[in-house]
Structure formats: C-alpha cells, structure tokens
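# Architecture and fold: a report
One letter stands for each residue in the lines below.
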Amino acid sequence: MIKRLAPDISTRIAAGEVIERPSSVAKELIENSLDAGAKSISLYTEQGGKSSFVIEDDGCGIAFAELPLAVERYATSKISSLEDLENIATLGYRGEALASVAAVSRMEIRSRAAGVETGGLLRCEAGRITLHSETPAKPGTRIQIDDLFFNLPARRKFLKSSSAELRRIIQIVNDYALIHPEVFFRVQEEGRKILEYSAAASIAECIERRWGKQTKIFYSASTQGAVTARVWWNPIPDSRRVVVMLFVNGRRVQDAAVRAALTAAEGAAYGEWAVLIDLPPHDVDVNIHPTKEEIRFRRSQEIFKIVYDNAKAVCAQRHSITSGGVPPQPSPLPETPVSLSADETPRPVQSFYPSGAQPWNLVSKKAAPLYMSRVASPVESIFFPAEEEETSAAPPVQPKRYIGQSAEGFLIFDFPEALAIMDPHAAHERILFEEICESFKDNVATQRLTLPMEIPAAVRPEAELYKNELAALGFETEDGMVTAVPAIRGKGHLSPVDMLRSALRGIETERDEAKRDREVWWRMARLACRDAVKLGRRFEPEEAAELLARLERCETPYTCPHGRPTVFIIENKKLREWFER
C-alpha cells in the first residue's frame, strides 16, 4: 500500500540530503553570509561542530517579520521566477539550507536588518518554531546550532572524530577565504583560535598566504569567448594526490571535466590546484545536486580546453627560465608508487637481476657479506661524505672497476663476470632514504632553527591541532612559526616548512599511533629524494666508486624508494651468447 510519509519523516529525509555533517552546515551558512554582503564572518565550534556551531556575520540581516520564513523550506529572497533559475548569480537560491539545518538540530537565530533599531530572535527544535520575539541585536546575523542530528542518531553515528570534523570545516573556510579576499574570516574551537584571515588586496595575495611565501607558485589565465579561467598550481614535493579547488562563478564545486583537463595536461600533476572559472550564469546549470557541489556546463568541451591550455602553460613554467619558473632540470623518470605495509620495504625488481648467488650481486646487509674492493677517494666529495672504514676483513675477490659514464649520465662498472649500469639518481635516492630511516630508529633529536620560519596560513590550523604529535616527532612551533625540526641525517636541504607539511600528511594519513611514525618518516624520506644527484651530472671515478660502495651497504639496494631499479646487470655469459662467442 502506498501512503504519504508523515511531515516530520519527509522533512528529515530532505534535510539529510543537504546536511551531511558539520562542514555542510559551515558551507551553507557561509554562502548565506556572503550573499548577504558580509565583510566579517566568524565561526565558533565545540567538538568539531557536533555539539555546537555558531556563525556570526555583519551582513544585511533578516527582518524580524521574515524570521519564520527563513526556516521554511523553499522560502528564499534569491529567486522569484523560472527565468531567475536560469540566471542564478547568488550562492544560495533554493531556500533549503536553514530549513534543513533546523530540521536536524536545535537552532537559534538572532538578526537585525540594516536600517532597523531592533533585532529579532527565533528558536526552533527539529524544525518546529518554539520562540519568535523582538530583542536587541547587533547588525547582521548570528546563528547557533546545537546537538546536530540529535533526532537522527543513525546519522550522528557516522560522524568522524571532533578533530576530523573540524578539519573539514577549516577546509571550507580556507577555500572561501581564498576567493573572497575582501572578507575577514575567523574560526575558534572551544575558545581556542584556530585560524584568522584579515582582508587581503587580491586573490593572488590569498593564494600566497595559503600556500606560503617559500613555495614557488605557478599561474596562468586566459579568456576564450565569454569564458575566463585562472589557474594556480602548487606542486607539493612528496604528494601523490591531485587536490583541486574549483570555483565556478564564485561557487565551490567539483567537476570531472576540469580534473581530467588538469591531469591530461601534466601526467604527474601532483599537488594543489586552484581553478577559478567565470562565465555567463545561463551557460552553467547549478541545480543538479542537493548540496550544490556539482554543476553541469552547457559546453563542457570549451571548459575542458581552456583549463587544459592554462594547465599546460602552468606546467611549462615549472621548467622555464624566461617565464619565471625554476631552472630546467633533466626530465624525471616515471615514478611508480610503492604500496607498503607497516613492516615492508620495496622489494627488488627481480627481472633485472640474473638468478644465482654471484659474488657481484647487490645484496642486503642481512644476507651474506658483500665482497668488494673499496676505493678511497683522495678528495672530499660534496655528495658523498666520508664514513668510517670497515674493519672486517674480506676475502680477496676480483675488484669492481668503474669504466665510465654514458652520454645520458648512467654509470658503467665492470663486475666479476658481469657488466653493471647504474642510475646514479635512483641509487642516491636509496642512500638518502635509508639514512633518514636510520635516524628514526631511536628517539629523534630536535634541532633548533637559527631563524624561525613562518607556517603558511593553510597549514597553521593542522599544526595547532597536532601540536603534541609534532612535538613527539621533534618539531616545535610557537605563534605560527616553526622554531625547531627533527635533527635527522640525510635530510639535505629540506625546508622546515616542507618537513612540517610532510609530517602532517603522515599524521593525517595514518591514524594508528603504532604505525604513525613509520608513515611520517616514509614521507619525509621520499621528500629528501629531491636532494639526490641528477641524472646527467658528471662523476669523477672516485665518486662513482664511493656511490656504489654506499649503495651496497644499504638494506635494500635493488630499488629506489619509489620502486625503480638502481642497477641493471648483464652477465658476461649473456653477452657471450649475444655475440655468439
């Protein structure tokens, strides 16, 4: 039998489509504040917004008589006709946000409209109005949401931890602060200031504030017909994710065509992208998703092309001297990410090595001793610092001899019964990686910075949330500055901020405290690989021999941390077969 659902049931179902978690509340109410012309927006949360969420703005406010309409579904001041739906220029328009929030919480609204001396107060619980009266109020609107999903316990069970929910709210605020430089934003959690953004002069200044002044940011913009696209890229060194912040006509959305254009332009487009697209409102349909996070372009191919062209230009800058990018470097080899469990290291690529235990094989230190003739360098190498001599005697074997270097930069060695070709970049990556791994075996010492470094605004909230975890790893932060970092061997020229970012990503990725340290140093070690010698650098014979010696002392010398082979070995037996000897 088909029957109509009771109003309270249908209301909660509809509300659940719009409000999924505290960050959904933040998004909807921030958009309302921006539509109201607010120049200051403050958020105050408890337990990541699960128990209490307050937003205050200095916008145009809501008239006292209209407060009950504000929490009524499909009541809105944004549109009034079907034609308006085709030309939406505001962030909100359906009149669902406040009604949905009210249906699943205990809500209070205090508002005073512009030009009015007295404000209004409205309270409602589970969508039912319990109080509506005049009251003194500041200009603008203050909305307080308590006990989110108190009447939907099943939905409340699916909420994450307080810190995880707070991070989602911070992400929303960060994104809208990026494209509204004229607005002051503040977030406080249980009385503790998490972030605060003063008004900025431009979006470019907000980008720099978010990603940090130490970061090289790449930018391109163009106009094709009625469509304008602006693209910024922050290629995070140790990231293997593509994070896209997309805004279409000021609306924070997701779109598969834009993401595809970015990845098509650059195969390794890892890092953070900010994409701003402006086009006539009638050329985009924003009314296709309950949370308004997805849209549909009328001519998606045009959008793909303009984003693709700008992404290509941005990626070209990275390797260009004349366009303001970093100096050109040799093209990196394709990187194959290696998935590791807590107790694994990259396995050797067996297909590159002949079978059988030959005396020239690269072996682990845990296996049989490696017999090799050490070549002492008469000069101190800037790449390979001197190490203590090993005292254990080794049986005399045929020495390994450095032959030379190919035009591409590969090192060629004559091994007993084999020819070896080494990729010096991959080999040096493995050496740096294991030096950092060695540093993390015991308690990591702390190295204080002579000049503290400012933490970028986007990183500051996470650094504050995980201050204790960072301290356990050897970091010290104070007043938005990095004052000390782990004193780890092999970190090369890593920026303190890069080290902090890498540690935070490791902490957020691995929630298991027993595995967290490994995740952090794994990421930091991969980051250190940037300091590895580049393929193409010319080597002195002593340096080449020392590089081989250090590689063979590694736990896993077969591959670099990314899984690429370090040495390709060809048996003399195979060579004789090839030449029919």
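Above this text you will find the structure in question.
Just so you know, these numbers come straight off a predicted model, no measurement behind them.

What counts as what
- Residues numbered from 1 in each chain as written.
- Predicted model: local features only at pLDDT ≥ 70, side-chain atom pairs only at ≥ 80, totals over all residues.
- Heavy atoms only, no water.
- Core = buried A, V, L, I, M, F, W, Y, C linked by side-chain atoms within 4.5 Å.
- Buried < 20%, exposed > 50% of the residue type's maximum accessible area, 1.4 Å probe, protein only.
- Helix = DSSP H or I, 4+ residues; strand = E, 2+ residues; numbered from the N terminus.
- Contact = heavy atoms within 4.5 Å.
- Axes fitted to C-alpha atoms, helices over the stretch in contact; angles between N-to-C directions.
- Parallel < 35°, antiparallel > 145°, perpendicular 65-115°, else oblique.
- Left-handed = near helix turned anticlockwise from the far one by under 90°.
- Nonpolar A, V, L, I, M, F, W, Y, C, P; charged D, E, K, R; others polar.
- Salt bridge = Lys/Arg side-chain N within 4 Å of Asp/Glu carboxyl O.

### Here's the deal with the nonpolar core
In terms of nonpolar packing, the biggest core is built from 73 residues, with Ile30, Leu43, Met107 and Phe185 touching the most fellow members. For this core, the element with the highest residue contribution is helix α7 (residues 162-179), accounting for 9 residues. Each residue touching methionine 107, except ones within four places of it in the same chain, is listed here: Val71, Leu98, Val101, Ala102, Leu122, Arg123, Cys124, Ile143, Gln144 and Ile145. Among the nonpolar cores identified, the runner-up in size contains 30 residues, and Val231, Leu262, Val284 and Val314 belong to it.

### Considerations on unusual backbone geometry
Even without glycine at this site, aspartate 147 takes up a positive phi of about 55 degrees. One can find aspartate 147 in the loop between β6 (140-146) and α6 (153-157). Given a relative accessible area of 29%, aspartate 147 falls into the partly exposed group. Although it is not a glycine, asparagine 249 sits at a positive phi angle of roughly 50 degrees.

### Examining the packing of helix α2 (residues 22-35) against α7
When two helices pack together, their arrangement is given by the angle between their axes and by how far apart the axes lie. Following both chains from N to C, one finds α2 and α7 inclined at 25 degrees, their axes separated by 8 Å at the closest point. As judged from the angle between their axes, α2 and α7 are roughly parallel. Relative to α7, α2 is oriented so that their crossing is right-handed. From α2, Pro22, Ser23, Ala26, Lys27, Ile30, Glu31 and Leu34 reach across to α7, where they touch Glu165, Arg168, Ile169, Ile172, Val173 and Tyr176. Here the residues of the contact of α2 with α7 sort into 8 nonpolar, 1 polar and 4 charged.

### Remarks on the pattern of salt bridges
Taken as a whole, this structure holds 27 salt bridges when the rule is applied. For glutamate 56, the salt bridge goes to lysine 138, with nearest N and O atoms at 4.0 Å. Taken together, the residues glutamate 56 in strand β2 (residues 52-57) and lysine 138 in the loop between β5 (128-135) and β6 connect sequence positions 82 residues apart. Using a relative accessible area of 22% as the deciding quantity, one classes glutamate 56 as partly exposed.

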